[in-house]
Amino acid sequence: MDQASNVLFRSEGVRRLEQWRPFLVKGEQWQVGLDAIAREPADVYGRRELLIRHADSEPSIGGLAPGIEVRFGTLAPGHATLPCRTNASEFFLLIDGGIELDSDGGNYALGKRDAWVIPAMRSHALRNTGSAAARYVCYSNAAMLKYMRVFFEQACPSTQRMAAAGLNGFTRARDIAGPGHQLNETGARILPYEYLVDPDSVESRVLVWRWGELLPHLPSVLNLHPDYDGRTLWVLYNPATGRRVGTTPSFFASMACAKPMSSTASHRHASAAINFILEGTGHSLVDGERMDWTAGDIMLSAPGWLAHSHHFHDDVCVVLTVQDHPLHIATESLIWQEQLPAGPILNLGTQTGFSTNLASLVGAGKKPERE
Ligand SMILES: [Fe+2]
């Protein structure tokens, strides 16, 4: 059969899943890589960045998980990146050094472990204001956009917000067009074209989580009651993500603080999880595979729908986790199984989700305190 006629397949052939395997990049690997590109020319945007390419990824797209691009960057003292914007939304963590972020008319001085979000299509630039190299890690949904062949990036004349081409001050055409019609008892509706080209917008802003402001809140999760069965973490919440509890529209980022010799139960979820170990050592069991990790390592620790658990060794572990959880909530695809092998599979965001044992602890006078 020639290629042109071979476009139809039996459904079982094209719907079979091949999951990516867990994947760990050692701290020394990305550090050596950054030292090497520090001596090479910058890219057209003045950046020196390394993209992680998972062994199972398409070579031209990369990504540490399907749809999640992770890249490390280095910026020499006095150097700056050029203003640019992309239709990806991005979450950054400054690993070390001192930089100034310019975006959206704002100017932010950032230091070690400060984190920030750049919304889509918002021009931004970084300048190293310190005396040593600054290094950062960025998580972006660019990999998903590349799979969809719609990734966009361009240089900008400045870091000021580009003027919208809208019709501010005018009546919205969709309001003139009217609310359409409900067709029947199921709630199905029809709407005019004007709704497609002028959906309601949500203000999305540059946000900064300064380490010095987050740090005082970490002991309170570390010291939660030992009987508490939830995770000891804070979510870095961006109010623009609303009920989807994200840091960007696609990802949440959380900062976990885990006690020595503690573990999480084995569970699985459609969202992919990437752990960047900031402090401590431990191992993860992912679909039967053991991954040992230490501070500086970054890992696809939970490929979507693979069972996994995390085990923390002798020290307190501080772990930055990024998951494409809000993306899945938006598409009603966030299936989650907290107890393996026989616990219920819930579709989070479309039904009541799982509980922790907070209520029983409160009843027993053992309420965990978070400050
Ligand atoms: Fe998980």
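Before reading further, recall that the structure is shown in the block above.
Residues numbered from 1 in each chain as written. Predicted model: local features only at pLDDT ≥ 70, side-chain atom pairs only at ≥ 80, totals over all residues. Heavy atoms only, no water.

Comments concerning the layout of surface pockets
Our working rule: Using a 1 Å grid laid over the protein atoms alone, points where a 1.4 Å probe fits but cannot get out form a cavity; open sets with protein on both sides within 12 Å along at least 5 of 7 lines form a pocket; any residue with an atom within 4 Å of a point counts as lining. Grid points are joined across faces, edges and corners, and a volume is the space filled by probe spheres set on the points. A helix here means a DSSP run of H or I that spans at least four residues, while a strand means a run of E at least two residues long, and both kinds are numbered starting from the N terminus. The nonpolar class holds Ala, Val, Leu, Ile, Met, Phe, Trp, Tyr, Cys and Pro. Asp, Glu, Lys and Arg form the charged class, and all remaining residues, Gly among them, are polar.
When its volume is computed, the largest pocket comes out at roughly 1500 Å³. Forming the walls of the largest pocket are 50 residues, and the residues nearest its centre are Gly230, Arg231, Thr232, Leu233 and Glu338. Elements supplying a minimum of two residues to the lining of the largest pocket: β15 (233-235), β16 (252-258), β18 (273-279), β22 (308-312), β23 (317-323) and α8 (325-330). For the lining of the largest pocket, the element with the highest residue contribution is β16, accounting for five residues. Grouping the constituent residues of the lining of the largest pocket by class yields 21 nonpolar, 22 polar and seven charged.

Considering the state of the cysteines
Worth spelling out the cut-off: In what follows, a disulfide is any cysteine sulfur pair within 2.5 Å. Throughout, exposure labels follow a simple rule: accessible area from a 1.4 Å probe, protein chains only, divided by the maximum for the residue type, with under 20% read as buried, over 50% as exposed, and the rest as partly exposed.
Tallying each qualifying case throughout the model produces zero disulfides. The cysteine cysteine 84 is free of any disulfide, with cysteine 156 supplying the nearest cysteine sulfur at 6.7 Å. We note that cysteine 317 lacks a disulfide partner, and the nearest cysteine sulfur, in cysteine 257, lies 9.0 Å from it. Among the residues examined, cysteine 317 registers a relative accessible area of 1% and is labelled buried.

Looking at the packing of aromatic side chains
For the record, the criterion: The rule is short: rings of Phe, Tyr and Trp, with Trp giving its six-membered ring, pair when the centres are within 6.5 Å, and they are stacked under 30 degrees, edge-to-face over 60, tilted in between. Should the NZ of a Lys or the CZ of an Arg lie within 6 Å of a ring centre and within 35 degrees of the ring normal, that charge is described as sitting over the ring.
Inspection of the entire model under this criterion finds seven aromatic pairs. Pairing phenylalanine 91 with tyrosine 139 gives two aromatic rings, centres 5.9 Å apart and planes at 40°, and the pair type is tilted. Taken as a pair, phenylalanine 91 in strand β5 (residues 90-96) and tyrosine 139 in strand β10 (residues 134-140) lie far apart in primary sequence, 48 residues in all. The pair formed by phenylalanine 91 and tyrosine 139 is uniform in burial state, with each residue classed as buried. Their ring planes at 55° and their centres at 5.8 Å tell us that phenylalanine 92 and tyrosine 136 sit as a pair that is tilted. Of this pair, phenylalanine 92 sits in strand β5 while tyrosine 136 is found in strand β10, placing the two residues 44 residues apart along the sequence. Residue phenylalanine 92 shares its accessibility class with tyrosine 136, and that shared class is buried. What links up through ring pairs into an aromatic cluster is the set Trp30, Phe72 and Phe276. Between arginine 113 and the ring centre of tryptophan 211, over which it is positioned, the NZ or CZ distance is 5.1 Å. Just above the ring of phenylalanine 151 sits the side chain of lysine 146; from NZ or CZ to the centre is 5.0 Å.

A few points about the coordination of the iron ion
For a metal with four tetrahedral donors the ideal donor-metal-donor angle is 109.5 degrees, while six octahedral donors give ideal angles of 90 or 180 degrees. For clarity, the threshold we go by: Each metal site is built from N, O and S donor atoms within 2.8 Å (3.2 Å for Na, K and Ca), and since water is not included, such sites may look incomplete.
In the first shell of the iron ion, the protein supplies His267 (NE2), His269 (NE2) and His308 (NE2), at 2.1 to 2.2 Å from the metal. Spacing between the donor residues of the iron ion along the chain follows H-x1-H-x38-H. Taken together, the positions of histidine 267 in the loop between β16 and β17 (268-269) and histidine 308 in strand β22 put the pair 41 residues apart, joining distant regions of the chain. No difference in accessibility class separates histidine 267 from histidine 308, as the two residues are buried.

A short note on a nonpolar patch on the surface
Operational definition: Residues enter patches when they are more than 30% accessible in relative terms and free of salt bridges; like-charged ones are connected within 9 Å and nonpolar ones (Val, Leu, Ile, Met, Phe, Trp, Tyr) within 5 Å. Note that accessible areas follow from Shrake-Rupley with a 1.4 Å probe, and for residues the cover is restricted to the protein chains shown. Salt bridges are identified by distance alone: a Lys or Arg side-chain nitrogen within 4 Å of an Asp or Glu carboxyl oxygen.
Judged by side-chain polarity, Tyr147, Met148 and Val150 come together as a nonpolar surface patch covering roughly 270 Å² of accessible area. Looking at the element boundaries, tyrosine 147 is found in helix α3 (residues 142-147). The partly exposed category is assigned to tyrosine 147, whose relative accessible area is 30%.

Thoughts on the nonpolar core
Rules: Among buried residues, the Ala, Val, Leu, Ile, Met, Phe, Trp, Tyr and Cys ones that are joined through side-chain atoms within 4.5 Å form a nonpolar core. Whether two residues are in contact is decided by their heavy atoms: any pair within 4.5 Å suffices.
Counting 42 residues, the largest nonpolar core has Tyr139, Phe276 and Ile298 as the members making the most contacts within it. When near neighbours in sequence (up to four residues on either side) are disregarded, phenylalanine 276 contacts Trp30, Phe72, Leu93, Ile95, Val137, Tyr139, Gly296, Asp297, Ile298, Val318, Val319 and Leu320.

So, the pattern of salt bridges
Under the definition given, this model contains 20 salt bridges. Between arginine 21 and aspartate 287 there is a salt bridge, with the nearest N and O atoms lying 2.6 Å from each other. Of this pair, arginine 21 sits in the loop between α1 (11-14) and β1 (23-25) while aspartate 287 sits in the loop between β19 (281-286) and β20 (289-294), placing them 266 residues apart in sequence. A single network of salt bridges, built from pairs that share partners, joins Asp43, Arg47, Glu49, Glu69, Arg71, Glu90, Lys146 and Glu153.

Topic: the sheet that holds strand β24 (residues 335-337)
Each strand in a sheet pairs with its neighbour through backbone hydrogen bonds, running either in the same direction (parallel) or in the opposite one (antiparallel). Just so we agree on the cut-off: Strand pairing follows a simple DSSP-based rule, namely that at least 2 bridges must link the two strands.
Spatially, β17-β24-β25 is the arrangement adopted by the three strands of the open sheet, whose pairing is antiparallel. The sheet is open, and its two borders are formed by β17 and β25 (346-347), each paired with just one other strand. As judged from the two bridges shared by β24 and β25, these two strands associate in the antiparallel manner. Note on β25: the bridge partner recorded for tryptophan 336 is leucine 346.

Describing the pairing of β18
The buried count for β18 comes to six of seven residues, which makes it a mostly enclosed element. Here β18 pairs with strand β21 (residues 298-302) via four bridges, running antiparallel. Of the residues in β21, the one forming a bridge with asparagine 275 is methionine 299. Sheet topology places β18 next to β23; six bridges connect them, and they run antiparallel. If you follow isoleucine 277 over to β23, its bridge partner there is valine 319.

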